[in-house]
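Secondary and tertiary structure notes
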Amino acid sequence: IAYLTMLDEQPDMEKEERAKYTHIALEKSIRLGELISEFFEITRFNLQNIVLEKEQVDLSLMLEQLADESYGVLSNKSLTCSVHTDEGLVVDGDPDKLARVFDNLLRNASAYSYPGTNIDIQAREEDNMIVIAFSNQGDPIPQQKLNSIFEKFYRVDNSRSTGTGGAGLGLAIAKAIVELHDGQIMAKSDDLHTQFIVTLPSENELEENEEGRKNEIHTHRRHTFGGRPVHWKLPKGKAGKGDMDQS
């Protein structure tokens, strides 16, 4: 508002200076709109009346596509992103909301990574649960603050708010979505890496609970961003792993 007031009160301002302050006001207006949108979204999740539109989702391909499309997020700090997953990790979940979780985690990792480092995404199946971990190299999060970072509007370091553009809602939204999928999210941090870990029930666990089916053994796959887009939603009526359309 201060910049707009100044522009309104000084109609004879130099052209270059007016352009500068107009641009600043535009950036702040865009960011305000984003914050309002995030605020309404976390409010909706807190009402606990969100209906998940579930279908079978191949997380292996979803994470690869996320990395493929992350160039714009990573390029400003010359970051890279690698993905290591088991083959065909399938969950029964809302694909759009799960994609929001992983996008939030990647953006968070990017914001607090040292320039020129790698963000590593790993996913594997353990005891009928799928474990997804985002690891980055950056300043460690103090141990006493690890349990608070998923709270709304919480900032580990408020002085970094402007630099990262965040309002402390991304992780709170991620936590709400994960818990709606009967999963858990946690963070670990030391002098070398910060890691955010999401645990979700696997499709294998659901199949075993309902039909007593045994888990399949998965092969290992590795992918580094830069490949062609893939489709991570399983075709309706096809629950088999490896049935994905990559055209």
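Residues numbered from 1 in each chain as written. Predicted model: local features only at pLDDT ≥ 70, side-chain atom pairs only at ≥ 80, totals over all residues. Heavy atoms only, no water.

What to know about the overall build of the protein
Secondary structure assignment for the protein yields eight helices and eight strands. Looking at the protein residue by residue over its 247 residues, the buried ones come to 42%. Sequence separation of at least 24 residues holds for 71% of the intrachain contacts in the protein that already meet a minimum separation of 6. As displayed, the protein has an accessible area near 13,900 Å², and 50% of this comes from carbon and sulfur atoms. (Helix = DSSP H or I, 4+ residues; strand = E, 2+ residues; numbered from the N terminus. Buried < 20%, exposed > 50% of the residue type's maximum accessible area, 1.4 Å probe, protein only. Contact = heavy atoms within 4.5 Å. Areas by Shrake-Rupley, 256 points an atom, 1.4 Å probe, with all protein chains shown as cover.)

Some points on the pattern of salt bridges
Opposite charge on two side chains allows them to pair when their charged atoms are near. Taken as a whole and judged by the stated rule, the model has four salt bridges. Its salt-bridge partner being Asp103, residue Arg107 comes within 2.9 Å of it at the nearest N-O pair. Taken together, the residues span about one helical turn, with Arg107 and Asp103 both in helix α5 (residues 95-111) at a distance of four residues. Given the relative accessible area of 45%, Arg107 is considered partly exposed. (Salt bridge = Lys/Arg side-chain N within 4 Å of Asp/Glu carboxyl O.)

Remarks on the confidence of the model for the protein
Of all residues in the protein, 68% attain a pLDDT of 70 or more, and the chain-wide mean is 76. Under a pLDDT of 50 for its full length, residues 158-165 has, in the predicted model, nine contacts with residues more than four places off or in other chains. Segment residues 212-247 is flagged for pLDDT under 50; beyond a separation of four residues in sequence, or across chains, it makes 94 contacts in the model. (pLDDT = per-residue confidence, 0-100.)

Quick word on the nonpolar core
Side chains of nonpolar character tend, in soluble globular proteins, to be buried together. Counting residues in each nonpolar core, the largest one holds 38 residues, and the members touching the most others are Leu59, Phe102, Leu105, Ile132 and Phe134. When residues of this core are traced back to their parent elements, those giving at least two are α3 (59-68), β2 (80-86), α5, β4 (118-126), β5 (129-136), α7 (170-180), β6 (184-189) and β7 (194-201). The element that contributes the greatest number of residues to this core is α5, accounting for six residues. Setting aside chain neighbours within four positions, we find Phe134 in contact with Leu63, Leu66, Phe102, Leu105, Leu106, Asp120, Ile121, Thr194, Gln195 and Phe196. (Core = buried A, V, L, I, M, F, W, Y, C linked by side-chain atoms within 4.5 Å.)

What to know about the packing of α5 against α7
One way to put it is that α5 packs onto α7 with a least axis distance of 9 Å and a crossing angle of 145 degrees. Helix-helix and strand crossings are classified by hand; for α5 and α7 the assignment is left-handed. Between α5 and α7, the residues in contact are Lys97, Leu98, Arg100, Val101, Asn104, Leu105 and Asn108 and Gly170, Leu171, Ile173, Ala174, Ile177 and Val178, respectively. Residue composition of the contact of α5 with α7, by class: eight nonpolar, three polar and two charged. (Axes fitted to C-alpha atoms, helices over the stretch in contact; angles between N-to-C directions. Left-handed = near helix turned anticlockwise from the far one by under 90°. Nonpolar A, V, L, I, M, F, W, Y, C, P; charged D, E, K, R; others polar.)

What to know about the side chain of Asp120
Position of Asp120 relative to the elements: it lies in strand β4. Look at Asp120 and you get buried, because its relative accessible area is 14%. A polar atom in the side chain of Asp120 sits 2.9 Å from the side chain of His84. (Polar contact = N/O pair within 3.5 Å; in protein donor to acceptor, adjacent residues only side chain to side chain.)

Considering unusual backbone geometry
A positive phi is found at Asp127, a non-glycine position, where the angle reads about 50 degrees. Of note, Asp127 is situated in the loop between β4 and β5. You can call Asp127 exposed: its relative accessible area is 75%. Although it is not a glycine, Asn128 adopts a positive phi angle of roughly 65 degrees. As for its position among the elements, Asn128 is in the loop between β4 and β5.

Comments concerning α5
Between its first and last C-alpha atoms α5 spans 24 Å; for 17 residues at 1.5 Å apiece the expected length is 24 Å, and the two agree. Looking only at α5, the buried set comprises Pro95, Lys97, Leu98, Val101, Phe102, Asn104, Leu105, Leu106, Asn108, Ala109 and Ser110. Structurally, the start of α5 carries an N-cap: the backbone nitrogen of Asp96 is 3.2 Å from a side-chain oxygen of Asp94. (Expected span 1.5 Å × (residues − 1).)

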